[in-house]
Amino acid sequence: MNVQNVDQPATDLGVGTSVGHQGNKTPSMSSFESDMVNRLDSFAENQRNLHDLCVTNFQNFGNKFQSMDTCFLTLDKQIEDVQNQIFELQYGKKD
């Protein structure tokens, strides 16, 4: 017999399902416990959102630093070219 296809009785108590409480609903949950589970679910959701925001911001910083690195490499090349031009003006071309 395939256990996955067996219909399970409805046990929805109107309480949100948190990460730690998925499938572990108890029928004797008091209103205080229910309120605490809801608050913990809300807290967990806020933490996930904050984590996602932090990851996005750090990725944006990484992209900006990479762009700055490219700009500095370009500036280094331009400065080197100017130094070579000044050298050539002072001492003539290198042969």
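This text goes with the structure placed above it.
Overview of the structure. Just so it is clear, the model here is predicted, and its values are computed rather than measured.

**Considerations on the packing of aromatic side chains**
According to the stated counting rule, one finds two aromatic pairs in the structure shown. Consider the rings of Phe 87 and Tyr 91, whose centres lie 4.9 Å apart with planes at 45°: the pair is tilted. Of this pair, Phe 87 and Tyr 91 are both found in helix H1 (residues 31-91), four residues apart, which corresponds to roughly one turn of the helix.

**A short note on the pattern of salt bridges**
Following the criterion strictly, the structure yields three salt bridges and no others. Between Glu 45 and Arg 48 there is a salt bridge whose closest N-O contact spans 2.9 Å. Here the residue Glu 45 and the residue Arg 48 both occupy positions in helix H1, the gap between them amounting to three residues, near one helical turn. The exposure class of Glu 45 is partly exposed, given its relative accessible area of 35%. Its relative accessible area of 38% is what places Arg 48 among the partly exposed residues. Note that Asp 81 and Lys 77 form a salt bridge whose closest N and O atoms lie 3.0 Å from each other.

Reading the values: rules and limits
- Position labels on residues start from 1 in each chain and follow its written sequence.
- A pLDDT threshold of at least 70 governs which residues receive local features in this predicted model, and a stricter bar of 80 or more applies before side-chain atom pairs are shown or counted, although totals over entire chains, interfaces and linings include all residues.
- Note that water and hydrogens are dropped before the side-chain values are worked out from all heavy atoms of the structure.
- Side-chain rings of Phe, Tyr and Trp, where Trp is taken by its six-membered ring, are said to pair if the distance between their centres is within 6.5 Å; with planes under 30 degrees apart they count as stacked, over 60 as edge-to-face, and otherwise as tilted.
- The secondary structure listing takes helices from DSSP runs of H or I that are at least 4 residues long and strands from runs of E that are at least 2 residues long, numbered from the N terminus.
- Salt-bridge detection follows one rule: a side-chain nitrogen of Lys or Arg within 4 Å of a carboxyl oxygen of Asp or Glu.
- Buried, partly exposed and exposed residues are distinguished by accessible area as a fraction of the type maximum, computed with a 1.4 Å probe on protein chains only: under 20%, between the cut-offs, and over 50%, respectively.

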